[in-house]
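Overview (structure and organization)
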Amino acid sequence: AAAAAVAAGAISRGVDLTGLDLAAFVNAECLKGGARFSVPPKQTEAFNRRWCSALKIHFRALGASEELENWLTSGRSNGRQLQLQVMSLKPHSWFKVHAHPNLEFELTLAGSLKEVRLVKGTPAVTPYHDEKEQKAAVGGGGGGKESGERSPVVVRGLVGPDLGALHARASRHATAVDAAAAVEKLSLKENSEENEEGEGNEAVAVAEEEKLSSLEFEEKEVPAGKFIANTTGSVHQSFTGEEGALILVLWSGCHANIAPEKCKGLGLAVEAGGCLGGHLLRPGEGWATTKG
């Protein structure tokens, strides 16, 4: 598996960071799982303080302090309880492309974790339920059900947004914006005296700004000792290089995975060095080797 869970510890309602001994947790789980890592006794307090401080700093930098505070006071992030987990990731391991159904916070203990992150055009947050599984059956008079009565909705998994559809829509929009801008600029030339500082220039500026809605990805790396925060709804694909990685992660234990068919056009555009910048997004990776 791409992610081998060493162990997990649940964090329940009423989160008290001051009483959280992360160093002891990491040491115990690494020893249990055979990972060659430990926080030295003299550094345990500093390790715990740094993690708690970094948690607040990183979510504040993302403008998500309220989201973090909601978890701290309620014990739930977007309706889900979070847990701590130490993961040993083998070299050249890939997670599936996924959206985060709740906040997530990661510290690389050893090695290096890499990612390709969606930085522009992030979809709106949804319940991430499979649409087919959300459809409640309507009773037809049999089995004791009255006509029109709906059976309970059973959701078996989480499904991320259709990035391929968003990418295609953004591409069509960008083409339309380019055409509108070209027409507007031509109009400006023909009516330069009247429109040089008028509404025409504003229309072109708006058209250029609207291009930012296109999907754009960015490569990042989280080496040993560094953190990364994921807000609810953020989208990325994590992977490791030759050295693999040992990470401590705060999460709910699930992702809203995005199937390869829902990344249509993204992998090709990326590999071809097109509008997405030649990044390493691999929509097909992780599906045959991981469960999370």
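Worth saying up front: this structure is predicted, and the values here are computed from it rather than measured.

Analysis parameters
Residues numbered from 1 in each chain as written. Predicted model: local features only at pLDDT ≥ 70, side-chain atom pairs only at ≥ 80, totals over all residues. Heavy atoms only, no water. Helix = DSSP H or I, 4+ residues; strand = E, 2+ residues; numbered from the N terminus. Buried < 20%, exposed > 50% of the residue type's maximum accessible area, 1.4 Å probe, protein only. Contact = heavy atoms within 4.5 Å. Areas by Shrake-Rupley, 256 points an atom, 1.4 Å probe, with all protein chains shown as cover. Phe/Tyr/Trp six-rings, centres within 6.5 Å; stacked < 30°, edge-to-face > 60°. Arc of directions from axis to C-beta. Axes fitted to C-alpha atoms, helices over the stretch in contact; angles between N-to-C directions. Parallel < 35°, antiparallel > 145°, perpendicular 65-115°, else oblique. Nonpolar A, V, L, I, M, F, W, Y, C, P; charged D, E, K, R; others polar. Polar contact = N/O pair within 3.5 Å; in protein donor to acceptor, adjacent residues only side chain to side chain. pLDDT = per-residue confidence, 0-100. Expected span 1.5 Å × (residues − 1). Core = buried A, V, L, I, M, F, W, Y, C linked by side-chain atoms within 4.5 Å.

Turning our eyes to something else, we now look at the overall build of the protein chain. Across its full length, the protein chain carries eight helices and eight strands. Among the 292 residues that make up the protein chain, the fraction classed as buried is 42%. Considering only contacts within the protein chain whose residues lie at least 6 apart along the sequence, 85% involve residues at least 24 apart. For the protein chain, the computed accessible surface area is about 15700 Å², with 51% contributed by carbon and sulfur atoms.

Right, let's get into the packing of aromatic side chains. Enumeration over the complete set of coordinates arrives at four aromatic pairs. A centroid spacing of 4.2 Å and a plane angle of 10 degrees characterise the contact between Trp 94 and Phe 239, whose relative ring orientation is stacked. Of the two residues, Trp 94 sits in the loop between β2 (82-89) and β3 (98-99) while Phe 239 sits in strand β7 (residues 235-251), which places them 145 residues apart along the sequence. Using a relative accessible area of 8% as the deciding quantity, one classes Trp 94 as buried.

This part covers helix α3 (residues 65-74). For α3, the set of buried residues is Leu 68, Trp 71 and Leu 72. Buried residues of α3, seen end-on, are gathered within an arc of 100 degrees and therefore sit on one face of the element. Across α3 from its buried face, at more than 90 degrees, point the exposed residues Glu 66 and Thr 73. Just past α3, the residue Gly 75 takes up positive phi, approximately 80 degrees.

Turning our attention to the packing of helix α2 (residues 44-61) against α3. Running from amino to carboxyl end, α2 crosses α3 at an angle of 140 degrees, the nearest separation of the two axes being 7 Å. Classified by the angle their axes make, α2 and α3 are oblique. Counting all contacts with α2, which are made through Leu 55, Lys 56, Phe 59 and Arg 60, the residues of α3 involved are Ser 65, Leu 68 and Trp 71. Across the contact of α2 with α3, the residue classes tally to four nonpolar, one polar and two charged.

On the secondary structure map, Thr 232 appears in the loop between β6 (227-230) and β7. When its relative accessible area of 15% is taken as the criterion, Thr 232 is described as buried. Distance in space between the C-alpha atoms of Thr 232 and Ala 99 is 7.8 Å, their sequence separation being 133 residues. Excluding anything up to four places from it in sequence, Thr 232 contacts Glu 67, Ser 77, Asn 78, His 100, Pro 101, Asn 102, Leu 103 and Val 125. Reaching out from Thr 232, the side chain makes a polar contact with the side chain of Glu 67 at a distance of 2.3 Å. Among the polar contacts made by the side chain of Thr 232, one reaches the main-chain amide nitrogen of Leu 103 at a distance of 3.4 Å.

We now examine the confidence of the model for the protein chain. Mean pLDDT over the protein chain: 77, with 65% of residues reaching 70 or higher. Averaged pLDDT values for the elements of the protein chain fall to 47 in helix α7 (residues 199-210) and rise to 97 in β6. Scored below 50 in pLDDT, residues 1-7 shows 28 contacts in the model against residues more than four places distant or in partner chains. Across residues 203-212, confidence stays below pLDDT 50; counting only partners more than four residues off in sequence or on other chains, it has 15 contacts.

This part covers helix α1 (residues 22-33). The terminal C-alpha atoms of α1 lie 16 Å apart, and with twelve residues this matches the ideal 16 Å at 1.5 Å per residue to within 8%. Those residues of α1 not exposed but buried are Leu 22, Ala 23, Phe 25, Val 26, Glu 29 and Cys 30. End-on, the buried residues of α1 take up no more than an arc of 160 degrees, which puts them together on one face. Looking at α1, the residues exposed on the side facing more than 90 degrees away from the buried face are Leu 31 and Lys 32. Positive backbone phi, approximately 80 degrees, marks Gly 34, located one or two places after α1.

Here the focus is the nonpolar core. Buried together is how nonpolar side chains tend to be arranged in soluble globular proteins. Of all hydrophobic cores here, the largest spans 31 residues; its most connected members are Trp 51, Leu 55, Trp 71, Phe 105, Leu 248 and Leu 250. When residues of this core are traced back to their parent elements, those giving at least two are α1, α2, α3, β2, β4 (104-120), β6 and β7. At six residues, α2 tops the list of elements feeding residues into this core. Excluding residues that lie within four positions of it along the chain, Leu 248 makes contacts with Leu 22, Phe 25, Val 26, Trp 51, Leu 84, Gln 85, Val 86, Phe 105, Glu 106, Leu 107 and Leu 109. In this structure, Ala 99, Tyr 128, Leu 158 and Leu 266 belong to the second largest nonpolar core, which totals 17 residues.

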